[in-house]
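# Breakdown of the fold
Okay, here's what each chain looks like letter by letter:
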Amino acid sequence: MKKIILLFVAISVSNILLAQTENYTIAVAHFQNNYNTEDFESIFNGFSNQMQQLLPLEKTKQFFKSLLNGAGKIEASEFVGNGDGSTAIYKAKFERATFKIYISLDEQNKIGGLLIKPYVDESSTGKHIVNALHSYPKEIAETIFSKTTDFPDNTQLSIAIIENGEAKYYGIIKQNDSIKTIQNQNKIFEIGSITKVFTSTVLASLVLENKIKLTDAINSYYPFKFRNDIALSFESLANHASGLPRLPDNLGSDNTDNPYKKFGKHEIEEYLQKHLKLESNSVKTYSYSNLGAGLLGYTLGLTQKTSFQDLLQKEVFDKYSMTNSYASIKNRNEALVKGLDENGNEVSNWDFDVLFGGGGILSTTENLVKFATAQFDPQNKALTLTRTSTFSISDQMEIGLAWHILKSANKNNLFWHNGGTGGYSSSMIVDPQNKFAVIILSNVSAFNQKMTNIDELGFELTRKLNKH
């Protein structure tokens, strides 16, 4: 799934000195205890009035629920220094990641500023790593090397670059402090939230077959009323404008190593009847939602009286000859690149039930090249529909059906999506006009402190090779 956004909120608090170290110790202890016991309302009650206004209770609960599902509980925390004179910095060891927590208290010892971000061990940087990518073009080798030196041993990246309709593959593996070449274009990785583009491709196909309409509400495909009679359209689920939260609040956190496995038919129906609540009821806004994309896929299956996975096979995998793309890793272990946590330890794969459409696909760069190349065909109406803007996020970005549309310097639109799970990160950038694409699959964890390097590598290769 797409990476958990760890930048929570940072509010400038002036005229506060850190002489009150005891107050900070108490505040952090209370925060840790409330977080670990899932008492997020008490965390909210410890916010200043300004914090509470900026982060209402429901958003506070949603953020910490997502953090708990992804990183686990806090095992230990230690004071590591002061920030700008008004902020204390703590190193917090979670079950599956380590973060820096920046915290500021106001005069009433209420939390007036909070920032959580990946912890970087500065002492580990600068370690000598050998660039053994001699068989690759120099510019490409240097670019790949610069973005992969900080990843743990046994990290693999499988990279495809399509220029003028022709694909070239660049595989790398880090072993024994060396970045080496490896042929892995036919190896299987979890692609995470890039799945959402495939889910929207199924949607577009059914729309063009006149089986559903983008503006149709999904409600009629369920034998019960949604809570508060809230209506959700297919389009709003595909472009993240439905108002749904990132994750359902009844997801549970008893299996954080495989968080979506037990969220099935019973749980989604319970959510829609008893928990459904929109973040915004009146103003259409962009709010990225794994729940929305998963619900979209599940509902598409209901519309055709089949499973979404079967629809995906028919409408995408079969159509584009993607014979090494799967809805499950079952019996595929020999071709699978094992996912790694942020420390380089192997982790279990993620299994999906009803929320599969949000991030469940496993694939290879060879197969994704087939899908990317199909985007270059202007006669492919379904793929064109997925890339047609449906909502403006900002001056620089719009969204189609799942594809994020980036306006580039040379006026050509770039279509982008990325993904991240417990053991994998991915990125896909497509320029249909120039028949250019960059695809990256990796076993870099979404919780790795350097995971943003995967997207950065994709965009840097795009800039250098396609002059965007």
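Residues numbered from 1 in each chain as written. Predicted model: local features only at pLDDT ≥ 70, side-chain atom pairs only at ≥ 80, totals over all residues. Heavy atoms only, no water.

### Things to note about the pairing of strand β4 (residues 111-118)
In terms of residue burial, β4 counts as a mostly covered element, since six of its eight residues are buried. In this structure, strand β3 (residues 98-105) lies alongside β4, joined through seven bridges in antiparallel fashion. Looking across to β4, one finds that K100 is bridged to K117. Between the end of β3 and the start of β4, which pair antiparallel, lie five residues, with N109 showing a positive phi angle near 60 degrees. (Buried < 20%, exposed > 50% of the residue type's maximum accessible area, 1.4 Å probe, protein only. Helix = DSSP H or I, 4+ residues; strand = E, 2+ residues; numbered from the N terminus. Pairing = 2+ DSSP bridges.)

### A short note on the pattern of salt bridges
Considering all chains together, one arrives at 11 salt bridges under this definition. Here K147 makes a salt bridge to E456, at a shortest N to O gap of 3.1 Å. Within this pair, whereas K147 is found in the loop between α5 (138-146) and β6 (156-163), its partner E456 is found in helix α13 (residues 452-466), the two being separated by 309 residues in sequence. Looking at K147, the relative accessible area reads 17%, which means it is buried. E456 gets classed as partly exposed once you look at its relative accessible area, which sits at 33%. Notably, a salt bridge pairs K319 with E315, separated by 3.5 Å at the nearest N-O pair. Since its relative accessible area comes to 44%, K319 is described here as partly exposed. (Salt bridge = Lys/Arg side-chain N within 4 Å of Asp/Glu carboxyl O.)

### A few points about the packing of α5 against α13
Running from N to C, α5 and α13 point in directions that differ by 155 degrees, and their axes come no closer than 10 Å. Judged by the inter-axis angle, α5 sits roughly antiparallel to α13. Both α5 and α13 take part in a crossing whose hand is right-handed. Across from E139, I140, T143 and I144 in α5, the residues of α13 making contact are L457, E460, L461, K464 and L465. Of the residues contributing to the contact of α5 with α13, the split by class is five nonpolar, one polar and three charged. (Axes fitted to C-alpha atoms, helices over the stretch in contact; angles between N-to-C directions. Parallel < 35°, antiparallel > 145°, perpendicular 65-115°, else oblique. Left-handed = near helix turned anticlockwise from the far one by under 90°. Contact = heavy atoms within 4.5 Å. Nonpolar A, V, L, I, M, F, W, Y, C, P; charged D, E, K, R; others polar.)

### Topic: helix α8 (residues 265-275)
Burial in α8 covers these residues: I268, E269, Y271 and L272. For α8, the angular spread of the buried residues around the axis is 155 degrees, confining them to a single face. Along α8, the residues that are exposed and aim more than 90 degrees away from the buried face are H266 and K274. On its buried face, α8 sits against α9 (290-303). (Arc of directions from axis to C-beta.)

### Observations concerning the nonpolar core
Across soluble globular proteins, nonpolar side chains have a tendency to be buried as a group. Membership of the largest hydrophobic core comes to 74 residues, with the highest contact counts inside it found for F198, L203, L300 and F371. Considering every element that reaches this core, the biggest residue donor is helix α6 (residues 195-208), with six residues. If near-sequence neighbours (up to four positions away) are discounted, F198 is found in contact with I191, L312, V316, F317, M322, I361, L368 and F371. The next biggest cluster of nonpolar side chains, apart from the first, holds 30 residues, and it includes F64, I74, I101 and L105. (Core = buried A, V, L, I, M, F, W, Y, C linked by side-chain atoms within 4.5 Å.)

### Comments concerning the sheet that holds strand β14 (residues 413-420)
In space, the 10 strands of this open sheet follow the order β5-β8-β7-β6-β16-β15-β14-β13-β12-β11, with mixed pairing throughout. Each edge of the open sheet is held by one strand with a lone partner, namely β5 (130-132) and β11 (391-392). Here strand β13 (residues 404-407) runs beside β14; their pairing, made up of four bridges, is antiparallel. From the neighbouring strand, K407 faces β14, where its bridge partner is N413. Along the sheet, α5 makes contact with β5, β6, β7 (166-175) and β8 (178-181), crossing β5 at roughly 140 degrees.

### A look at unusual backbone geometry
Here the phi dihedral of N210 falls at roughly 60 degrees; this positive angle occurs in a residue that is not glycine. Tracing the chain through its elements places N210 in the loop between α6 and α7 (234-238).

### Structural notes on the confidence of the model for the chain
Scored by pLDDT, the chain has a mean of 89; 90% of the residues are at 70 or more. Low pLDDT, under 50, characterises residues 1-20; the predicted model gives this stretch 76 contacts beyond four residues in sequence or across chains. (pLDDT = per-residue confidence, 0-100.)

### A look at the environment of E315
Mapped onto the fold, E315 is located in helix α10 (residues 308-317). On the basis of relative accessible area, E315 is assigned to the buried category, the value being 3%. Distance in space between the C-alpha atoms of E315 and T199 is 9.9 Å, their sequence separation being 116 residues. Apart from the residues lying within four places of it in its own chain, the contact partners of E315 are V202, S205, L206, E209 and Y320.

### Comments concerning the side chain of Q32
Considering the arrangement of structural elements, one finds Q32 in helix α1 (residues 21-36). For Q32, the residues in contact, after removing those within four places along its chain, are I74, E75, A76 and S77.

### A few points about α9
The end-to-end C-alpha distance of α9 is 20 Å, a good match for the 20 Å that 14 residues give at a rise of 1.5 Å each. α9 sits mainly inside the fold: 13 of its 14 residues count as buried. Where α9 begins, the capping side chain belongs to S289, and its oxygen is found 3.4 Å from the backbone nitrogen of L291. K305 occupies a position one or two residues after α9 and carries a positive phi of about 55 degrees. (Expected span 1.5 Å × (residues − 1). Polar contact = N/O pair within 3.5 Å; in protein donor to acceptor, adjacent residues only side chain to side chain.)

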